[in-house]
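Overview (structure and organization)
This is what each chain is made of:
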Amino acid sequence: MPDGLRPRRPASLLAQLVPLFAVLLAFAVGALMLLALGVNPWGALKALLQGAFGDLNAIADTIVKAIPLLFVGLGICISFRGGVLNIGGEGQLVVGALAATAVALAGTGLPGWMLVTVSLLAGALAGAAWGGIAGFLKAYLNVNEILSTIMLNYIAVYGMNYLLRGPMMDPIQVKLGFFIPQTARLPRAADLPRLVPTRLHLGALLAVAVAVLVYIFLWRTTVGFRIRTVGMSRRAALAAGIEVKRYMVLGLLLAGLLAGLGGAVEVLGVHHRMFTDGTAFGFTGGAGFNGIVAALFGRLHPLGTIPSSFLFGALLTGANKMQRVMQVPAALIVALNGLIVLFVVGSEVIRRRRLRRLEKLSAEGKG
Amino acid sequence: MIGATLVGIATSAIRLATPYLYAAIGEALGQLSGVLNLGVDGIMLMGAFSGFYVTLLTGHPTLGLLAAVGTGGLMGLLMAFVSVTLQAEQGISGIGLYLFGLGLSTLLFGMTVGTVKAVAGFPPTPIPGLSQIPILGEILFSHNPLVYGAFALVPLAWFVLNKTPFGLKLRAAGQNPLAADSLGVNVIRVRYVAVIIGGILSGIAGASLSIALLNVFQQNMTNGMGFIAVALVYFGGWRPLGVLAGAMLFSTVNAIQVWLQVQGVDIPSDFALMMPYVITILVLASMARRRIHVPAALNKPFERGGE
């Protein structure tokens, strides 16, 4: 399991900075690709930075884009540290959003705080169920969780398409003869409050609070300790009397729960209705995958994932501007994220070797 | 009437097995050598795009196929470098490779072609004589060259794996790399070769979609086929014949699903489209009690003189 990702003792600042070099390297490759396509990389970078940080609205949009990344990324921190690889963020976001939408639509008339709470809970539970299926399959039927979570992504998307083109489609639209695959607008009482006069909503604070909770959970509770132990060595965990299977299920279940909550927050905070363009990307914007990148870049630490999600949120927001100004498809960011993953996990071995050499040197120095 | 329907479904099942066969046999080679490459879907997308684009420019699908071979080989090389030389966690690096291929193929398509266009791909090439056989001739021998190639790959892979020194070295590298190393097998090189060949075959798998079966390119056109191919390797027990059985299972389900939709049968199309993914999970779950021989060193990096 993610051997190379286990936390190591911080020994050298330089070794810690290796992931940063990996990102710079990915950017350099991206610049070369743009040059080859006849686009000025400086212009693209300028558009990207302006789109992400240019004014107050841009910064708010960056934070809004970072919120689902953080929710997914926090789930990734738990599952990867528990030795189970959750690639199902896309599907978990979708089922979480669908459940929250259904509950919010059914709860018209309830007071706002109650409607928001039950909707968010419904999203979290749906996500937990979706992740839990993969966990159960992994623990008791030995099904590779990477494959099962990816398959569950596609199943969630087709389920969403069915619901939004059928039972959940906006009834007023159906009456008028429009058949846009989306639900009715949620009752306004279910909207997450805006924080400042931008698109920034309460979900940002919620996500940061959850990050702190996940940190406390992983490092200050027995259950969290057991999850990490299973991730470090299943054999050692078994020897210590930990029920490994149960904690593998729990790891995937919690990852799904957090991603499902993220999907619910996305609906209540940003879109206020559920819609589909036929793909997962249409609703999630790829947050299920980008959250993995953010968590890896945050060294699988819940608090490290906060700034890291902000960074990748900035990339995504900036990419939209880049697409408008420079006609460079935002898919460039997907490719760069892929390279960042490759370089970050690839650079682990270099970091590890360096740390090993430093430890040896210091041991010799003492001896 | 029923006869014609069955022949139609069988014929399209043979056609649709093509991308699964190339991708899954390529993946099996890599896994048997000890490397789990989860980036197949990304390599397929790059193969599909490069094959499509070169065919669009030159009008020659053969050149398109060569482009897909080159692109697939390069992507395989990248995966081999990261997972063999840098010893990265293979599951995660495969997802990185997938995102890279998905993003890059979408980017390149957007900047060079932009709109959906059809190309003249490989034409159907009935095999003289054999294609005249009643029923079987239509089902088996009236396809385009890439379809024949996919089925020829099955015995070829079996032969290479079981009857050649290279096949022996490849399996040794995946079973017991330390022992293989002490017998003079260059484990690193064997794994590189296996992953690069796997990449080439995945590239061809993608091209079989864009210049042989559908003759168009669309963003994310594989829709997870590459991940299903990885599952087929498990299902097939790492044997070419097992992979063939799995590929036929999936292509038959796909063919029936397409036929049902054409007939306008009243099941929501979304449920029909969902089937391959549901079946993949069921198939993987059904193998829990089956005795299978997982390559012992799968997913384990090798380091000379390591632990």
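Treat the numbers as computed from the prediction; the structure is a model and nothing was measured.

Structural notes on the overall build of chain B
- Within chain B, the regular secondary structure consists of 12 helices and zero strands.
- Taken from N to C terminus, the helices and strands of chain B fall in the order α-α-α-α-α-α-α-α-α-α-α-α.
- Taking the principal axes of the C-alpha coordinates as reference, chain B spans close to 65 × 45 × 40 Å.
- When contacts within chain B are restricted to residue pairs at least 6 apart in sequence, those whose partners lie at least 24 apart make up 79%.

Some details on the overall build of chain A
- Counting its regular elements, chain A contains 16 helices and zero strands.
- The globule rule puts the C-alpha radius of gyration for 367 residues at 21 Å, and the 21 Å found for chain A is close to it.
- For chain A, the spread of C-alpha atoms along the three principal axes comes to 80 × 55 × 35 Å.
- For chain A, buried positions account for 54% of its 367 residues.
- When contacts within chain A are restricted to residue pairs at least 6 apart in sequence, those whose partners lie at least 24 apart make up 79%.

What about the interface of chain B and chain A?
- Each partner contributes to the interface: chain B provides 38 residues, whereas chain A provides 39 residues.
- Elements with a minimum of two residues in the side of chain B that touches chain A: helix 4 (90–112), helix 10 (225–235) and helix 12 (269–286) of chain B.
- With 16 residues, helix 4 of chain B is the largest single contributor of residues to the side of chain B that touches chain A.
- Looking at the side of chain B that touches chain A, its residues break down into 27 nonpolar, nine polar and two charged.

A look at the packing of helix 3 (residues 61–85) of chain B against helix 4 of chain B
All names here are of chain B.
- Put simply, helix 3 and helix 4 touch, their axes get as near as 10 Å, and they point 150 degrees apart. By the angle between their axes, helix 3 is roughly antiparallel relative to helix 4. At the point where helix 3 passes helix 4, the crossing takes the right-handed sense. Here M75, L78, M79, V82 and S83 of helix 3 lie close against helix 4, whose contacting residues are Q90, S93, L97 and G101.
- A class-by-class count of the residues in the contact of helix 3 with helix 4 yields five nonpolar, four polar and no charged.

Some remarks on helix 11 (residues 240–263) of chain B
Residues and elements named next belong to chain B.
- The terminal C-alpha atoms of helix 11, which comprises 24 residues, lie 34 Å apart, in line with the 34 Å expected from a rise of 1.5 Å per residue.
- Looking only at helix 11, the buried set comprises P240, V243, L244, G246, A247, F250, S251, N254 and A255.
- Residues of helix 11 that are buried in the fold lie against helix 1 (2–32), helix 6 (145–163), helix 10 and helix 12.
- A positive backbone phi angle near 70 degrees is found at G264, which sits one or two residues after helix 11.

Description of unusual backbone geometry
- Unusually for a residue other than glycine, N142(A) sits at a positive phi of about 60 degrees.
- Looking at where N142(A) falls in the secondary structure, it is placed in the loop between helix 6 (112–141) and helix 7 (145–165).
- N142(A) sits in the partly exposed class, given 14 other C-beta atoms within 10 Å.
- The backbone of N299(B) shows a phi angle near 75 degrees, a positive value even though the residue is not glycine.
- Here N299(B) is to be found in the segment after helix 12.

Examining the packing of helix 2 (residues 40–58) of chain B against helix 9 (residues 187–213) of chain B
All names here are of chain B.
- Contact geometry of helix 2 with helix 9 gives a least axis separation of 6 Å together with a crossing angle of 55 degrees. Considering the angle they form, helix 2 stands oblique to helix 9. Both helix 2 and helix 9 take part in a crossing whose hand is right-handed. Taking contact as the criterion, the partners of V40, I43, M44, L45, M46, G47, A48, G51, F52 and T55 in helix 2 are, on helix 9, G199, S202, G203, I204, A205, G206, A207, L209, S210 and I211.
- Partitioned by chemical class, the residues of the contact of helix 2 with helix 9 number 12 nonpolar, eight polar and no charged.

Regarding the environment of Y53(B)
Residues and elements named next belong to chain B.
- By the secondary structure assignment, Y53 is in helix 2.
- Judged by C-beta crowding, with 23 C-beta atoms within 10 Å, Y53 ranks as buried.
- Look past the residues within four positions of Y53 in its chain and what remains in contact with it is T112 and V113.

A closer look at the confidence of the model for chain B
- Summing up the model confidence of chain B, the mean pLDDT is 92 and the portion of residues at 70 or higher is 97%.
- Summarising per-element confidence for chain B, the mean pLDDT is lowest in helix 5 (residues 136–140) of chain B (88) and highest in helix 2 of chain B (98).

Describing helix 5 (residues 89–106) of chain A
- Given a rise of 1.5 Å per residue, 18 residues ought to cover 26 Å, and the 26 Å separating the end C-alpha atoms of helix 5 of chain A matches this to within 8%.
- Along helix 5 of chain A, 15 of the 18 residues are buried, which leaves the element largely enclosed by surrounding structure.

Examining the nonpolar core
- Y20(B) and A24(B) are the most contacted members of the largest nonpolar core, which totals 223 residues.
- Ignoring sequence-local partners within four residues, the contact set of Y20(B) consists of M225(B), I228(B), A229(B), L232(B), A247(B), F250(B) and S251(B).

Thoughts on the environment of L249(B)
Residues and elements named next belong to chain B.
- Structurally, L249 is set in helix 11.
- Looking at L249, the number of C-beta atoms within 10 Å reads 18, which means it is partly exposed.
- When the C-alpha positions of L249 and L232 are compared, they lie 9.8 Å apart, and in sequence the two are 17 residues distant.

Re the environment of R226(A)
Residues and elements named next belong to chain A.
- Secondary-structure assignment places R226 in helix 10 (residues 222–232).
- Expressed as a C-alpha distance, the spacing of R226 and G285, which sit 59 residues apart in the sequence, is 33 Å.
- Apart from residues no more than four positions distant in its own chain, R226 is found in contact with I242 and Y247.

What counts and what doesn't
Residues numbered from 1 in each chain as written. Chains lettered and ligands numbered in written order. Predicted model: local features only at pLDDT ≥ 70, side-chain atom pairs only at ≥ 80, totals over all residues. Helix = DSSP H or I, 4+ residues; strand = E, 2+ residues; numbered from the N terminus. Contact = placed C-beta atoms within 7 Å. Rg over C-alpha atoms; globule rule 2.2 N^0.38 Å. Buried ≥ 20, exposed ≤ 12 C-beta atoms within 10 Å, placed from the backbone. Nonpolar A, V, L, I, M, F, W, Y, C, P; charged D, E, K, R; others polar. Axes fitted to C-alpha atoms, helices over the stretch in contact; angles between N-to-C directions. Parallel < 35°, antiparallel > 145°, perpendicular 65-115°, else oblique. Left-handed = near helix turned anticlockwise from the far one by under 90°. Expected span 1.5 Å × (residues − 1). pLDDT = per-residue confidence, 0-100. Core = buried A, V, L, I, M, F, W, Y, C linked by C-beta atoms within 7 Å.

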